[in-house]
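# Descriptive structure summary
Spelled out from the first residue to the last, the chains are:
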Amino acid sequence: MLKRYLLAPGPTPVPSEVLLSMAAPIIHHRSPDFLPVLDSAKKGLQWLYQTKNEVLILSSTGTGGMVGSVNNFFNKGDKVLVINGGKFGERWTKICQAYGLAVEEIIVEWGYSVRPEDVEEKLKKDKGIKGVFVQASETSTGVYHDIKNLGSIVKKHGDTLFIVDAISALVAHDLKTDEWGIDIMVGGSQKGVMLPPGIAFVSVSEKAWAKAETSKMPRFYFNFRKERENLAKNQTNFTSPVTLIIGLNESLRMLQAEGLENVFRRHEMLADATRKAVRAIGLELYPKGSPSNSVTAIMTPPGIDGQAVYKNLREKYGITAAGGQDKAKGKIFRIAHLGYSDRFDVIIAIAGIEMVLKGMGYPVKLGTGVAVAQELLMV
Ligand SMILES: *Cc1c(COP(=O)(O)O)cnc(C)c1O
């Protein structure tokens with residue numbers, strides 16, 4: 001037997017409380033059984049998002065929420081700015097281009113955070129930019145972009161919308177949607193929210209709703225104005241993912257019991273212990289900018305293949321982490337500390353990394369990183 005440990009940046013482990021809540025019989029999505037369930041989920045999401053605006057609930061993965069954030073607010077030919085510092089930044093560009101937007105990119109070297117002054121300069125030079133797209137946590141590089149600062153910059157530029165993919169950052173980072181001027185923020189169920197894959201969340205500001213009135217792009221499934229009307233009646237436009245929404249209420253209940261500040265503090269603590277422990281075994285972090293609290297991207301030592309580290313973790317020890325994507329493939333591997341994650345998940349990760357690296361000939365004294373993590377995680 002090989003006991004399995006899921007330490008990937010999505011899907012992430014689901015607590016048994018949430019799994020059990022989802023074992024309940026199916027209820028009808030237009031019946032009085034369901035309406036209070038959706039009402040509670042929508043209020044819980046506003047709490048999690050720190051917003052007074054609606055948070056739409058869509059039956060799709062996070063990418064569906066990203067698509068809807070493009071084709072509900074813009075028109076063909078609109079000029080938008082995408083901050084592209086990894087695989088998910090690239091996804092914004094591809095979606096915008098698929099809908100015929102004129103994309104300008106700020107290409108950020110992988111492993112770095114965007115320099116807010118570069119965004120400010122672009123916006124000053126070009127008053128025609130109608131939206132700025134970014135990731136909060138760029139999962140492919142383990143980097144956090146400074147959403148607060150970017151929000152204050154975009155806010156100064158009239159009608160320009162600020163659109164944040166927070167799919168992997170939600171729950172792990174304090175993202176003050178309203179206070180920071182985030183017009184549209186996308187989340188996904190299988191990351192910090194501790195649910196199976198299948199729902200996306202999208203918050204929409206009043207400024208963005210006003211913009212939606214002028215958008216004439218083709219859409220049918222992700223029609224945000226229709227979703228808004230339905231949400232007001234505690235429904236969704238099409239059949240609601242009733243089981244996932246029941247699970248969402250349980251997950252939100254757990255997060256509320258912990259308290260938002262404590263949730264962020266836990267992620268910060270786990271991320272910090274992971275970073276310091278991997279450094280103690282002589283490894284370098286991939287991010288040169290500000291690191292994400294959701295996932296740690298670790299450079300493999302010279303002569304060792306990152307994909308082999310990831311494969312050995314899984315095949316020899318049952319630990320599912322993540323490798324590198326695209327140009328980081330082979331150079332890095334990634335460990336998540338996201339959602340249903342606590343002290344001993346970090347200990348498992350670090351112990352596994354030490355054992356795998358030693359097995360591959362890397363000189364590490366077993367227990368070096370584990371001891372560092374233990375010191376930092378003691379209660
Ligand atoms: C996981 C993830 C996504 C979306 O992935 P889906 O597979 O569509 O859920 C988008 N952006 C980031 C930053 C992510 O981590």
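Everything numeric in this text was worked out from a predicted model, so none of it was measured.

Within the largest apolar cluster, 82 residues are counted, with the highest numbers of intra-cluster contacts made by Val 119 and Ile 147. When residues of this core are assigned to their parent elements, the largest contribution, 7 residues, is made by helix α9 (residues 242-258). Looking at which domains feed residues into this core, each of domain 1 (5-10 + 260-377) and domain 2 (17-257) supplies at least three. With sequence-adjacent residues up to four places away left out, Val 119 is seen in contact with Leu 81, Ile 83, Ile 106, Val 114, Val 132, Leu 150 and Ile 153. Listed in part, the 28 residues of the second largest apolar core include Leu 7, Ala 321, Tyr 362 and Leu 377.

Time to look at the site of the ligand. Lining the immediate surroundings of the ligand are 13 residues, of which Thr 61, Thr 63, Thr 139, Asp 165 and Lys 191 lie closest. Between the ligand and Thr 61 there is a distance of 2.6 Å, counted from an oxygen atom to a side-chain nitrogen or oxygen. Within the side chain of Gln 190, an N or O atom sits 2.7 Å from an oxygen atom of the ligand. In the complex, 88% of the free accessible area of the ligand, which totals 390 Å², lies under the protein chains. Here the element with the most residues in the shell around the ligand is helix α3 (residues 62-71); it accounts for 3 residues. In the shell around the ligand, the residues fall into 3 nonpolar, 7 polar and 3 charged.

Attention shifts here to the packing of helix α5 (residues 116-125) against helix α6 (residues 147-155). At a minimum axis separation of 10 Å, α5 and α6 run at an interaxial angle of 15°. When the interaxial angle is binned, α5 and α6 end up roughly parallel. As for how α5 packs across α6, the hand of that crossing is right-handed. Residues Pro 116, Val 119, Glu 120 and Leu 123 of α5 touch α6, and the partners they reach there are Asn 149, Leu 150, Ile 153 and Val 154. Class assignment for the residues of the contact of α5 with α6 results in 6 nonpolar, 1 polar and 1 charged.

Cis geometry marks the peptide bond from Gly 10 to Pro 11, where omega comes out at -5°. Along the chain, the position of Pro 11 falls in the loop between β1 (5-6) and α1 (16-21). The residue Met 194 is not glycine, and still its phi comes out positive at about 65°. Structurally, Met 194 can be placed in the loop between β9 (184-188) and β10 (199-204). Overall, Met 194 belongs to the buried group, its relative accessible area being 3%. For Asn 234, which is not glycine, the phi torsion reads 60° and is therefore positive.

Counted by the stated rule, this structure contains 21 salt bridges. In this structure, Glu 54 engages Arg 228 in a salt bridge whose closest nitrogen and oxygen atoms are separated by 3.0 Å. Here Arg 228 lies in helix α8 (residues 224-232) and Glu 54 lies in the loop between α2 (35-49) and β2 (55-59), a separation of 174 residues in the sequence. A relative accessible area of 24% means that Arg 228 is categorised as partly exposed. One salt bridge connects Glu 250 with Arg 253, and the closest N-O pair in it is separated by 2.7 Å. With a gap of 3 residues between them, Glu 250 and Arg 253 both fall in helix α9, about one helical turn apart. When its relative accessible area of 17% is taken as the criterion, Glu 250 is described as buried. Assessed through its relative accessible area of 43%, Arg 253 is described here as partly exposed. Salt bridges sharing partners connect three or more residues here, namely Lys 87, Glu 90, Lys 94 and Asp 326.

Analysis parameters
- Residues numbered from 1 in each chain as written.
- Predicted model: local features only at pLDDT ≥ 70, side-chain atom pairs only at ≥ 80, totals over all residues.
- Heavy atoms only, no water.
- Core = buried A, V, L, I, M, F, W, Y, C linked by side-chain atoms within 4.5 Å.
- Buried < 20%, exposed > 50% of the residue type's maximum accessible area, 1.4 Å probe, protein only.
- Helix = DSSP H or I, 4+ residues; strand = E, 2+ residues; numbered from the N terminus.
- Domains from an automatic or database assignment.
- Contact = heavy atoms within 4.5 Å.
- Near = heavy atom within 4 Å.
- Polar contact = N/O pair within 3.5 Å; in protein donor to acceptor, adjacent residues only side chain to side chain.
- Areas by Shrake-Rupley, 256 points an atom, 1.4 Å probe, with all protein chains shown as cover.
- Nonpolar A, V, L, I, M, F, W, Y, C, P; charged D, E, K, R; others polar.
- Axes fitted to C-alpha atoms, helices over the stretch in contact; angles between N-to-C directions.
- Parallel < 35°, antiparallel > 145°, perpendicular 65-115°, else oblique.
- Left-handed = near helix turned anticlockwise from the far one by under 90°.
- Salt bridge = Lys/Arg side-chain N within 4 Å of Asp/Glu carboxyl O.

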